[in-house]
Amino acid sequence: MDSSFDYESTRRPMIGTMVAIIPAAGIGERFGSKVPKQFSMIMKKPLIYYTLRNMANIEWIDGIIVLVPDGYQELMNQSIPDDYSERIHVEIGEKTRHRSIRKGLVRAKELYGDVEIVIVQDGVRPFIEEEFLETLVGEAFQHGAVGPVRPLVSTVVATSESGFLEHSLDRSKYRMSEMPQVFRYDLIMSAYSKSLEYDLDYGTECLHLVSKYCGASVKLIEGPEYLWKVTYLKDYYATERLVKENELIDICIFSSSKTETSNVISLLDFFRAERLRAYDYNELNYIDEAANSFVLLIDSIEIGKKFLEKIQIKFDTLLQQQHQQQLQLQSATMLQQQERQQSPQQQPLLAPLQQLSQPAERSFVFCLLWHQSASVEEIRTFTVTKAKEWPNAIVTSVLLQQSDVKDDKVCQLVKALVYDRCDAFSSQVFYL
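First, a word on scope: everything that follows refers to the structure included in this document. Keep in mind it's a predicted model, so treat the numbers as computed, not measured.

Calculation notes
- Residues numbered from 1 in each chain as written.
- Predicted model: local features only at pLDDT ≥ 70, side-chain atom pairs only at ≥ 80, totals over all residues.
- Heavy atoms only, no water.
- Helix = DSSP H or I, 4+ residues; strand = E, 2+ residues; numbered from the N terminus.
- Buried < 20%, exposed > 50% of the residue type's maximum accessible area, 1.4 Å probe, protein only.
- Contact = heavy atoms within 4.5 Å.
- Patch = residues over 30% accessible without salt bridge, like charges linked within 9 Å, V, L, I, M, F, W, Y side chains within 5 Å.
- Areas by Shrake-Rupley, 256 points an atom, 1.4 Å probe, with all protein chains shown as cover.
- Salt bridge = Lys/Arg side-chain N within 4 Å of Asp/Glu carboxyl O.
- Pairing = 2+ DSSP bridges.
- Phe/Tyr/Trp six-rings, centres within 6.5 Å; stacked < 30°, edge-to-face > 60°.
- Lys NZ or Arg CZ within 6 Å of the ring centre and 35° of its normal.

1. Considerations on the overall build of the protein
- When helices and strands are tallied, the protein shows 13 helices and 18 strands.
- A burial count over the protein gives 50% of its 432 residues as buried.
- Long-range contacts, defined here as pairs at least 24 residues apart, represent 77% of the contacts in the protein between residues at least 6 apart.

Spelled out as structure tokens, the structure:
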């Protein structure tokens, strides 16, 4: 096989087998939650789901090995999108980060044979872009090891034992090490094979190991801002906001006939069109199961009922999948609690079961845009009824009395309804 790296490729670097290893077996003590942070829920899915999905969306990664705490294998398996299940392998992690990574390296060899490139990514870093990762792979192929860095935000100081300032570092000379880091397999495997027990138990930096034990010259590249790791609760909230911004663009827009095509296109232009799908009524069976927001242009109550009857089939399937994931989390909770009854001095890591049954937010949004062919009272009754039938959804209607979807105020309202996902919007009818 030709091992030259093709910088012009937009589909796959011209390198041998590439495997991603995602250590996610920690308990996240600094996060301040009873739930291990990688399993904190965002839009009804664990945080690590978004990390795995974004990595799996990069088709030239041959396989992904994720290492999770004991008791969480089933929950993790349930969280893997069906399209990627053959490429993602769930393993029980070890007691430290380095030991988990080493186990992942061994497993990669067993699963894929001659692995050439290894990508190490934290389970709580959900954002990665293919173009940047491709750059890292190319540098790793040439130099053996590469990692992204970011500027220090705060000045680093050294303190004395009595709590007084000893000295501070020149911030301009130092960088924060980020992930993902990329290595030639033989190099990183050699480093882990040579590592002392102390490094495996207390170390956290993979680049340091290949430099210390293999004498490798590690390449560092300035990375983009989105590479941050969820360490504290404030990081989780920032991640949640960005995930919602990305996920909520995943919208299906329906019109009742082909004559509405121009209006649909107008609405598409308002959003990021590459993440939207436009359908007419006859294409309802092709709803993308990843969608969680629906905008429907409706001519009559009859058409509205037919729209939602067909959508409900998909909707119910998605709710069943969420329920199954919740059961898996409850199972993992019970296992962890049983284990910790034997060690009462340890604080439980997971939330009580009663908290798990309470949804943190609505899962779906249905924004119904009505023409004047239906009466105000009919639309209000229809909207309230559907909102009661679907407690996990925000169902909102917009009656276009003197406007159409081309108007900017209509687009602004639809954007607010879809992106804000405010419970107070459910059952409401807006008049424009």
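2. Points about a nonpolar patch on the surface
- The grouping of V156, L169 and Y174 at the surface amounts to a nonpolar patch, some 220 Å² of accessible area in total.
- Among the structural elements, L169 can be located in the loop between β9 (165-168) and β10 (175-177).
- Look at L169 and you get partly exposed, because its relative accessible area is 31%.

3. Some points on the pairing of strand β6 (residues 115-120)
- In terms of burial, β6 is a largely internal element, six of the six residues being buried.
- Judged from the five bridges that link them, strand β1 (residues 17-23) and β6 form a sheet pairing that is parallel. When the bridges of β6 are listed, A20 appears paired with I119.
- Two elements, β6 and strand β11 (residues 181-184), share four bridges in a ladder whose sense is antiparallel. Its bridge partner being in β11, I117 is matched across the sheet by R184.

4. Side note on the packing of aromatic side chains
- Counted by the stated rule, this structure contains nine aromatic pairs.
- Seen in terms of ring centroids, F127 and W228 are 5.7 Å apart; in terms of plane orientation they differ by 65 degrees. Their pairing is edge-to-face. Residue F127 is located in the loop between β6 and α4 (130-143), and its partner W228 is located in the loop between β12 (219-222) and α8 (233-247); the two are separated by 101 residues in the primary sequence.
- What makes W228 partly exposed here is its relative accessible area of 23%.
- On the basis of an interplanar angle of 10 degrees and a centroid distance of 4.9 Å, the ring pair of F294 and F366 is categorised as stacked. Linking F294 in strand β15 (residues 293-298) with F366 in strand β16 (residues 364-370), this pair joins segments that are 72 residues apart in sequence.
- Judged by its relative accessible area of 3%, F294 falls in the buried class.
- Residue classification places F366 among the buried residues on the basis of a relative accessible area of 0%.
- Aromatic ring contacts, followed pair by pair, group F294, F366 and W390 into a single cluster.
- Above the face of the W390 ring, K386 is positioned so that its terminal group lies 5.4 Å from the ring centre.

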